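# A look at the structure
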Amino acid sequence: FALYMCELILVHVPLQFSRHEPGVTHVLVTGGAGYIGSHASLRLLKDNYRVTIVDNLSRGNKGAVKVLQELFPEPGRLQFIYADLGDQKSVNKIFSENAFDAVMHFAAVAYVGESTMEPLRYYHNITSNTLLILEAMASHGVKTLIYSSTCATYGEPEKMPIIETTPQLPINPYGKAKKMAEDIILDFSKRTDMAVMILRYFNVIGSDPEGRLGEAPRPELREHGRISGACFDAALGVISGLKVKGIDYPTADGTCIRDYIDVTDLVDAHVKALNKAEPSRVGIYNVGTGRGRSVKEFVDACKQATGVDIKIEYLSRRPGDYAEVFSDPTKINSELNWTAQHTPI
């Protein structure tokens, strides 16, 4: 049924999506059914952008797309295309039948632990698929790219906080695949007048303040997921308790330190990046709060917020993890006028 729907949508692309329209910016949001992509789509639609979501729903959520379709039912606002970005024929068909002004490329598998177990999947899904997107953009004259990257490209730097010129020495396949994708984008940008913005996220948490969207990984993926999701699953009784991996790191309480950035702030950074994107210019920005918090601090905050005494099981370190990582957001503050608003965990 999903494949049939894909063909139906691709063959009958609404006229508004197939042509450029003065005063309307049409954004392709890859992975727009996923956690971050759906929140970005919501913000773009609220700001009167035209949005096309492409997602194969391997990690995305049909429910998120349904919510967005119900919120923005007017013709020419939102379309959803079920397709795999690893299929070059599908990608070229999508670009040939739609008039995109910009691409926000979120689509990616994104779990550090999983990447150490399935490295080839990560290189294919992240690096190879980004190459296909760039080739399609080049072929069809789409000149603006906002790329979803990660602080995992830095690995475990000797100095904190991390600035944009901190050496990129990733220590897991997820970070390596993202850095390779960045390198491809940067090499290509030197030969074109493309406007490129690369946003390196720190640890994303939170959800739409009005409760319309959130994060809902399938049960089999939860073991790889974010500490934030696991905390609330434990508080709700969805899982029996919380597994904290690693309590012997060289930090004050032995647990990892991360820079937790709210998804609402994150998508605000994307919109500001899109508005500031300029031809023949590359912008690279860290998106974080500038403050590190330990896993233990996060769990304690979750206990306090929910009133649940969450059961905790302490385990050995997760492969590919690093002890401490937090950002210096000075550059994005000054150049994009962006500051994290949701900072108290």
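Okay, so let's go over this structure. (Residues numbered from 1 in each chain as written. Predicted model: local features only at pLDDT ≥ 70, side-chain atom pairs only at ≥ 80, totals over all residues. Heavy atoms only, no water.)

### Looking at a nonpolar patch on the surface
A cluster of nonpolar side chains, Phe232, Leu236 and Val238, forms an exposed patch at the surface whose accessible area comes to about 310 Å². Assignment of secondary structure puts Val238 in the loop between α9 (227-236) and β8 (242-245). (Patch = residues over 30% accessible without salt bridge, like charges linked within 9 Å, V, L, I, M, F, W, Y side chains within 5 Å. Areas by Shrake-Rupley, 256 points an atom, 1.4 Å probe, with all protein chains shown as cover. Salt bridge = Lys/Arg side-chain N within 4 Å of Asp/Glu carboxyl O. Helix = DSSP H or I, 4+ residues; strand = E, 2+ residues; numbered from the N terminus.)

### Details of the side chain of His105
Within the secondary structure, His105 is located in strand β4 (residues 102-105). Judged by its relative accessible area of 2%, His105 is buried. (Buried < 20%, exposed > 50% of the residue type's maximum accessible area, 1.4 Å probe, protein only.)

### A closer look at the side chain of Arg258
Among the secondary structure elements, Arg258 is positioned in strand β9 (residues 257-258). Within the structure, Arg258 has its side chain in polar contact with the side chain of Asp321 (distance 3.4 Å). Setting aside residues up to four positions removed in sequence, Arg258 forms contacts with Asn203, Arg291, Gly292, Arg293, Asp321, Tyr322, Ala323, Glu324 and Val325. (Polar contact = N/O pair within 3.5 Å; in protein donor to acceptor, adjacent residues only side chain to side chain. Contact = heavy atoms within 4.5 Å.)

### As for the pattern of salt bridges
One pass over the full model with this rule turns up 22 salt bridges. Notably, a salt bridge pairs Arg293 with Glu297, separated by 3.7 Å at the nearest N-O pair. Accessibility expressed as a relative area gives 16% for Arg293, which makes it buried. Overall, the relative accessible area of 34% leaves Glu297 in the partly exposed class. Connected through salt bridges with shared partners, the residues Arg43, Asp47, Asp268 and Lys272 form a single ionic network.

### Some details on the pairing of strand β6 (residues 195-201)
The buried fraction of β6 amounts to seven of the seven residues, a majority that puts the element mostly inside the structure. Because side chains alternate across β6, one face comprises the buried residues Ala195, Met197, Leu199 and Tyr201, and the other comprises Val196, Ile198 and Arg200, equally buried. Bridge count between strand β5 (residues 144-150) and β6: seven bridges; the pairing is parallel. For Tyr147, the partnering residue across the bridge sits in β6 and is Ile198. Bridge analysis of β6 against strand β11 (residues 282-287) gives six bridges, and the strand direction is parallel. Directly across from Ile198, in β11, lies its bridge partner Ile284. (Pairing = 2+ DSSP bridges.)

### Considerations on the packing of helix α5 (residues 88-97) against helix α7 (residues 119-140)
Orientation of α5 relative to α7, taken along the N-to-C sense of each, is 35°, at an axis distance of 10 Å. Like other packed secondary-structure pairs, α5 and α7 cross with a definite hand, here right-handed. Along its contact with α5, which presents Gln88, Val91, Asn92, Phe95 and Ser96, the element α7 presents Leu132, Ile133, Glu135, Ala136, Met137 and His140. Residues of the contact of α5 with α7, tallied by class, amount to six nonpolar, four polar and one charged. (Axes fitted to C-alpha atoms, helices over the stretch in contact; angles between N-to-C directions. Left-handed = near helix turned anticlockwise from the far one by under 90°. Nonpolar A, V, L, I, M, F, W, Y, C, P; charged D, E, K, R; others polar.)

### Considerations on the sheet that holds β5
Note: strands within a sheet are paired through backbone hydrogen bonds, in either parallel or antiparallel orientation. The strand order across the open sheet formed by seven strands is β3-β2-β1-β4-β5-β6-β11, and the pairing between neighbours is parallel. With partners counted over all chains shown, the strands left at the sheet margins are β3 (78-82) and β11, one partner each. The average angle at which neighbouring strand axes cross in this sheet is 15°, direction not considered. Packed on one face of the sheet, helix α8 (residues 173-189) meets β5, β6 and β11 and runs near 155° to β5.

### Digging into the packing of aromatic side chains
Under the defined criterion, the tally for this structure stands at three aromatic pairs. Relative to Tyr174, the ring of Tyr122 has its centre 6.3 Å away and its plane inclined at 90°; by these criteria the two rings are edge-to-face. Residue Tyr122 is located in helix α7, and its partner Tyr174 is located in helix α8; the two are separated by 52 residues in the primary sequence. Across the ring face of Tyr249, the terminal group of Arg317 is positioned such that the distance to the ring centre comes to 4.1 Å. (Phe/Tyr/Trp six-rings, centres within 6.5 Å; stacked < 30°, edge-to-face > 60°. Lys NZ or Arg CZ within 6 Å of the ring centre and 35° of its normal.)

### Notes on the pairing of strand β2 (residues 50-55)
Burial within β2 is extensive, with six of its six residues counted as buried. Here β2 shows a buried face lined by Arg50, Thr52 and Val54 and a second buried face lined by Val51, Ile53 and Asp55. Judged from the five bridges that link them, strand β1 (residues 26-30) and β2 form a sheet pairing that is parallel. Directly across from Thr30, in β2, lies its bridge partner Val54. In this fold, β1 hands off to helix α3 (residues 35-46), which returns the chain to β2; that crossover is right-handed. Relative to β3, β2 runs parallel, the two sharing five bridges. Note that in β3 the partner of Ile53 across the bridge is Phe80. The parallel pair β2 and β3, bridged by helix α4 (residues 62-71), forms a crossover whose chirality is right-handed. (Right-handed = clockwise from strand over helix to strand, strands pointing away.)

These figures come from the coordinates and say nothing about function on their own.
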